[in-house]
Amino acid sequence: MNQPTEVSSLAAWSDSTKIPYEFYTDPEIYQLEMERIFRGPFWHPVALVAEIPTPNDFKTLTVGETPVLVTHSEDGQCRAFINACAHRGVQLTVAPRGSAKRFTCPYHRWVFATDGSLLGAPGDETFPAAFCKSESGLKELKTVNFYGVIFATFDPDNTPPIEVYFGRVGDALKSCVGDGTRPLKLLGYQKVVFNCNWKVYMDNDGYHAGLLHTAFRLLNFQGGKGELFADGPAGNWGMAYAVERYKDNGFLSDPELVEVKGDETTAAGALIRPVTQVVRHFNSINFRFGRPLGVDKTEVHYGYYGYEDDSPEMLKHRVRQSSNLLGPSGFVSIEDGSVFDRCQKGVTGGVGTMNFVKGIGTAVPDRKTSAQNDETVSTVWWSEYKQLMGY
Ligand code: FES
Ligand SMILES: [Fe+2]
């Protein structure tokens, strides 16, 4: 019987197609990832402008384990801050989203503007003479707006310019978010917790062969004929494929649900490390913002979008299709959560490796392009991960 190659110690790990189970289960490795990956040289998507479209809009999220506040300030710029008061570190707001001209800390009532500056602090006449109001604003992260998506980095000195960082994957992102010409409109959110390590989620949710999904077969969905391509230094990858319109086979009592309205007959996706996925498939456009909750849990916030210039009927169709098709309990995605859970259970407590094999034998040397249902391009990430983590 063929057994996965056993790796007796992590120091011996040299093959980015065979990932020792420890990388999905070890709490010390998880802590190192928080430092080297999540606070390392990565551009994290923190908001779409469509989520905070008007001045004073804001949203909060957690990047790795760091709370982040994203604001649309009065000067029109979107900014990201550590969501911690500059006085004693209290989380400034716990609202997921809202509109506010000022943020008042509940503890000692320091007040901050949407550009992060400190407007006032009660009792400041008693502060040390060296206290400087203009240097006591919120800690700001470097951000960039890339096709209407706000990206932030904790390590601006070592994170390349965004075009270099994404390379060709930028085209996939652009294709997902309206080609930079059709502004997006937020339709709503869903949130789910998967019982798996964040890398199990990323290894498996971005794209996998359709064999898992009964709905693919029942609905005659096309699969596996597109292309995957990795690019840039972070192991990001994109995908592009043609969509076949559903031919009514009587399986659904209301086939309109899976109808492709308009001319959206191509699809695209972008897998953005460390833990975000973007999918445009049929008339559904979604961003999946991941958040590790320890070594064996991952929370994912799904944001669903349409276009600003959509008709009311089209918006309604997108809402209905988005969650019912590709949402966490949609009938194309319902099996995913179960498989993520079983992956995590399968690798916990044992010794072995996760093996990336499909397409590896026939891959181009740098493994940066592959057929749609190959496992090849994911190994580009694991090579980068190995270096960043120091293995
Ligand atoms: S901790 Fe925010 S005002 Fe004191
Ligand atoms: Fe799936």
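Residues numbered from 1 in each chain as written. Chains lettered and ligands numbered in written order. Predicted model: local features only at pLDDT ≥ 70, side-chain atom pairs only at ≥ 80, totals over all residues. Heavy atoms only, no water.

Engineer: So what exactly am I meant to see when it comes to helix α8 (residues 334-347) here?
Structural biologist: In an α-helix there are 3.6 residues to a turn, and that puts residues three or four apart on one side. Along α8, the residues classified as buried are Glu335, Asp336, Phe340, Asp341, Cys343, Gln344 and Val347. Lining the buried residues of α8 we find α1 (22-25), β12 (184-194), α5 (198-205), α6 (214-218) and β19 (353-355). Looking at the residues trailing α8, positive phi occurs at Gly349, about 85 degrees. (Buried < 20%, exposed > 50% of the residue type's maximum accessible area, 1.4 Å probe, protein only. Helix = DSSP H or I, 4+ residues; strand = E, 2+ residues; numbered from the N terminus. Contact = heavy atoms within 4.5 Å.)

Engineer: It is not clear to me how the sheet that holds strand β15 (residues 266-272) should be interpreted in this structure. Could you clarify?
Structural biologist: Whenever strands of a sheet pair, they do so through backbone hydrogen bonds, lying parallel or antiparallel. Sheet architecture is open: eight strands sit in the order β12-β18-β17-β16-β15-β14-β13-β20, paired in antiparallel fashion. Both outer strands of the open sheet, β12 and β20 (369-371), are each paired with one neighbouring strand and no more. In this sheet, adjacent strand axes meet at a mean angle of 15 degrees when their direction is disregarded. Pairing of strand β16 (residues 276-281) with strand β17 (residues 284-292), which is carried by six bridges, proceeds in the antiparallel orientation. Bridging from a neighbouring strand, Thr276 pairs with Phe289 of β17. (Pairing = 2+ DSSP bridges. Axes fitted to C-alpha atoms, helices over the stretch in contact; angles between N-to-C directions.)

Engineer: Could you clarify how one ought to interpret the domain arrangement of the chain in this entry?
Structural biologist: Buried accessible area, meaning the area lost when the parts come together, often serves as the stated size of an interface. With domains assigned, the chain is organised as domain 1 (44-153) and domain 2 (180-389). For domain 1 versus domain 2, the separation of C-alpha centres amounts to 31 Å. At the junction of the two partners, domain 1 supplies 14 residues and domain 2 supplies 13 residues. Buried surface at the junction of domain 1 and domain 2, summed over both partners, amounts to about 1100 Å²; 69% is from carbon and sulfur atoms. Where domain 1 meets domain 2, there are one residue pair in polar contact (both at pLDDT 80 or more). Among the elements that make up the side of domain 1 that touches domain 2, the one with the highest residue count is strand β2 (residues 44-48) (five residues). Within the side of domain 1 that touches domain 2, the residues separate by chemical class into eight nonpolar, three polar and three charged. (Domains from an automatic or database assignment. Buried area = accessible area lost by both parts, 1.4 Å probe. Polar contact = N/O pair within 3.5 Å; in protein donor to acceptor, adjacent residues only side chain to side chain. Nonpolar A, V, L, I, M, F, W, Y, C, P; charged D, E, K, R; others polar.)

Engineer: Whenever I open this one, the nonpolar core confuses me. Can you help?
Structural biologist: Within soluble globular proteins, side chains that are nonpolar tend to cluster in buried spots. The biggest cluster of nonpolar side chains holds 83 residues, and the ones touching the most others in it are Phe151, Phe287, Trp382 and Tyr385. The residues that make up this core include at least three from each of domain 1 (44-153) and domain 2 (180-389). Beyond its immediate sequence surroundings of up to four residues, Phe287 is in contact with Leu48, Val149, Leu173, Val177, Thr276, Gln277, Val278, His301, Tyr302, Gly303 and Tyr305. Core analysis: the next-biggest nonpolar cluster, separate from the first, contains 14 residues, Ile52, Leu61, Val68 and Phe154 among them. (Core = buried A, V, L, I, M, F, W, Y, C linked by side-chain atoms within 4.5 Å.)

Engineer: Just checking my understanding: could you explain the packing of aromatic side chains for this structure?
Structural biologist: When we look at a pair of aromatic rings, we describe it by the centre distance and by the angle of the planes. Throughout the structure, instances matching the rule amount to 28 aromatic pairs. Centre to centre, the rings of Phe38 and Trp198 are 5.0 Å apart; their planes meet at 75 degrees, and the pair counts as edge-to-face. Of this pair, Phe38 sits in helix α2 (residues 27-38) while Trp198 is found in helix α5, placing the two residues 160 residues apart along the sequence. Judged by relative accessible area, which is 1%, Phe38 ranks as buried. With a relative accessible area of 0%, Trp198 lands in the buried category. Among the aromatic residues, those joined into a cluster by ring pairs are Trp13, Phe23, Tyr24, Phe38, Phe42, Trp198, Trp381, Trp382, Tyr385 and Tyr391. (Phe/Tyr/Trp six-rings, centres within 6.5 Å; stacked < 30°, edge-to-face > 60°.)

Engineer: Just to check I follow, could you spell out the environment of Ser370 for this structure?
Structural biologist: Summarising the element assignment, Ser370 is placed in strand β20. Each C-alpha atom of the pair Ser370 and Met239 lies 9.7 Å from the other, and the pair is 131 residues apart in sequence. Among all residues touching Ser370, those that are not within four sequence positions of it are Gly226, Glu227, Leu228, Thr376 and Val377.

Engineer: Before we go on, may I ask you to explain the pattern of salt bridges in this structure?
Structural biologist: Scanning the entire structure with this criterion turns up 18 salt bridges. Put simply, Arg79 and Asp75 hold a salt bridge, and the shortest N to O gap is 3.2 Å. Assessed through its relative accessible area of 11%, Arg79 is described here as buried. Measuring nitrogen to oxygen at the nearest pair gives 2.4 Å for the salt bridge that ties Asp254 to Arg320. Of this pair, Asp254 sits in the loop between β14 (236-242) and β15 while Arg320 sits in helix α7 (residues 312-326); the two residues are 66 residues apart in sequence, bridging distant segments of the chain. When its relative accessible area of 32% is taken as the criterion, Arg320 is described as partly exposed. One connected set of salt bridges, linked through shared partners, spans Arg182, Glu264, Asp309, Asp310 and Arg318. (Salt bridge = Lys/Arg side-chain N within 4 Å of Asp/Glu carboxyl O.)

Engineer: Sorry, what's going on with the sheet that holds strand β7 (residues 102-104) here?
Structural biologist: Sheet architecture is open: three strands sit in the order β7-β8-β9, paired in antiparallel fashion. Whereas interior strands pair on both sides, the edge strands pair on one side only; in this sheet they are β7 and β9 (118-120). Shown here is a sheet whose adjacent strand axes are inclined to one another by a mean of 35 degrees, direction ignored. Sheet topology note: the strand β8 (residues 111-113)/β9 ladder contains two bridges and is antiparallel. Bridge pairing in β9 links Phe112 to Leu118.

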